[in-house]
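Chains, contacts and geometry: an overview
Spelled out from the first residue to the last, the chains are:
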Amino acid sequence: GTGNIPSVKESFVQLLSDATEKGVLVVAATQCHNGSVLLGHYATGQALQSAGVVSACDMTVEATVCKIGYLLGRGDLSIKQVGDL
């Protein structure tokens, strides 16, 4: 399947938006071995992008967690900078 979040659940997207507005880094990652997260290409991705969610692109969940942990652990980057990297 596509694995999309429930796009009809506006309350869930609003929850993500509220979190990002409070400075929480929210990252969309894929569990597929091949493929990537393409925010903005489809309605669900557009909703996530509008909520401030960032894409992990083609990184695995494990790689995403390690990268975010390392970047946050440095202590010299803002949440925005970590999300941009």
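Refer to the structure printed above.
The notes below deal with the structure included here. Remember, predicted model here, so these are calculated numbers, not experimental data.

Here helix H1 (residues 10-21) is 12 residues long and its end C-alpha atoms lie 16 Å apart, about the 16 Å a rise of 1.5 Å per residue gives. Residues of H1 that are buried: Val13, Leu16, Ser17 and Thr20. When H1 is viewed along its axis, its buried side chains cluster within an angular range of 100 degrees and face the same direction. The exposed set on the far side of H1, more than 90 degrees from its buried face, consists of Ser11 and Leu15. In this fold, the buried residues of H1 make contact with helix H2 (43-50). Two residues or fewer past H1, Gly23 is found with a positive phi of approximately 95 degrees.

Counting nine residues, the largest nonpolar core is built from Val13, Leu16, Val26, Ala28, Val37, Leu39, Leu48, Ala51 and Val53. The contact partners of Leu39, leaving out residues within four places of it in the chain, are Gly45, Leu48, Gln49, Val53, Val54 and Ser55.

Scoring rules and cut-offs
- Residue indices follow the written sequence of each chain, beginning from 1 at its first position.
- Owing to the predicted nature of the model, reporting of local features is limited to residues with pLDDT of at least 70; listing and counting of side-chain atom pairs is limited to 80 or more, with chain, interface and lining totals taken over all residues.
- Computation of side-chain values covers all heavy atoms of the structure but excludes hydrogens and water.
- In this text, helices come from DSSP runs of H or I with a minimum length of four residues, and strands from runs of E with a minimum of two, each type numbered from the N-terminal end.
- Expected span of a helix, by definition, is 1.5 Å for each gap between consecutive residues, and there is one gap fewer than residues.
- Think of it in three bands: with a 1.4 Å probe and only protein chains considered, a residue is buried below 20% of the maximum accessible area for its type, exposed above 50%, and partly exposed in between.
- Taken from the helix axis, the directions to the C-beta atoms give the arc we talk about.
- Only heavy atoms matter for contacts: two residues are in contact if any of them lie within 4.5 Å across the pair.
- We define a nonpolar core as any set of buried Ala, Val, Leu, Ile, Met, Phe, Trp, Tyr and Cys residues linked to one another through side-chain atoms lying within 4.5 Å.

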